[in-house]
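Coordinate analysis (summary)
Each chain is listed here by its residues.
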Amino acid sequence: MKTKELQFDGNTYICRIVKSNEGEELIIGSTALLDALHPGSFEDENEGFASKEAEQIYDEVFFFADTKTLKLPDGELITELKEDNPEWFN
């Protein structure tokens, strides 16, 4: 299990790294990180990212998942990710 720490607003978020079907390393972040980066609703155009830094971090993350999903073994995590992103995983 490969992980990466992302820092934002004084907090550390542990993210998972998985490989796509083309060997690209993809960052899978937690929904807690997503909530910190974008505290408002994505559907409300008046709400936005917490900062420019938050927007840059958001762009680095391929997908956000709940804590339970992030704790899965690599194969099971990829199976979960494949449901929403079949073109990225074999």
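The coordinates are above.
The present account deals with the structure reproduced in this document. Residue indices follow the written sequence of each chain, beginning from 1 at its first position. Given that this is a predicted model, residues contribute local features only at a pLDDT of at least 70 and side-chain atom pairs are listed and counted only at 80 or more, while totals for whole chains, interfaces and linings are drawn from all residues. The basis for every side-chain value is the complete set of non-hydrogen atoms in the structure, without hydrogens or water.

**Here's the deal with the overall build of the protein chain**
Rules: The helix and strand labels rest on DSSP assignments: H or I over at least four residues marks a helix, E over at least two residues marks a strand, and numbering proceeds from the N terminus. In this description the radius of gyration comes from C-alpha coordinates, and the expected globular size is given by 2.2 Å times residues to the power 0.38. Accessible area is worked out with a 1.4 Å probe on protein chains only. A residue is then buried under 20% of its type maximum, exposed over 50%, and partly exposed in between. Residue contacts are counted whenever heavy atoms from the two residues lie within 4.5 Å of one another. Each accessible area value is a Shrake-Rupley result obtained with a 1.4 Å probe; residue values ignore everything except the protein chains displayed when judging cover. All tallies of charge rest on Lys and Arg as positive and Asp and Glu as negative; His and the ends of each chain are not included. Here the site of a charge means NZ on Lys, CZ on Arg, CG on Asp, or CD on Glu.
Across its full length, the protein chain holds 4 helices and 4 strands. For 90 residues, the compact-globule estimate of 2.2 N^0.38 gives 12 Å, and the C-alpha radius of gyration of the protein chain, at 13 Å, lies within 12% of that figure. Overall, the C-alpha framework of the protein chain stretches about 40 × 25 × 25 Å when taken along its three principal axes. The buried share among the 90 residues of the protein chain stands at 33%. Sequence separation of 24 or more characterises 49% of the internal contacts of the protein chain that already satisfy a separation of 6 or more. Total accessible area on the protein chain stands at roughly 5900 Å², and carbon and sulfur atoms take up 44% of it. Once the 8 positive and 21 negative side-chain charges of the protein chain are each reduced to a mean point, those two points are 9 Å apart.

**With respect to the environment of Val-61**
The topology assignment puts Val-61 in strand E4 (residues 61-65). By relative accessible area, Val-61 is classed as buried at 8%. A sequence separation of 51 residues divides Val-61 from Gly-10, and the C-alpha atoms of the two residues are 18 Å apart. Those residues in contact with Val-61 that lie beyond four places of it in its chain are Leu-6, Ile-27, Ile-28, Gly-29 and Leu-33.

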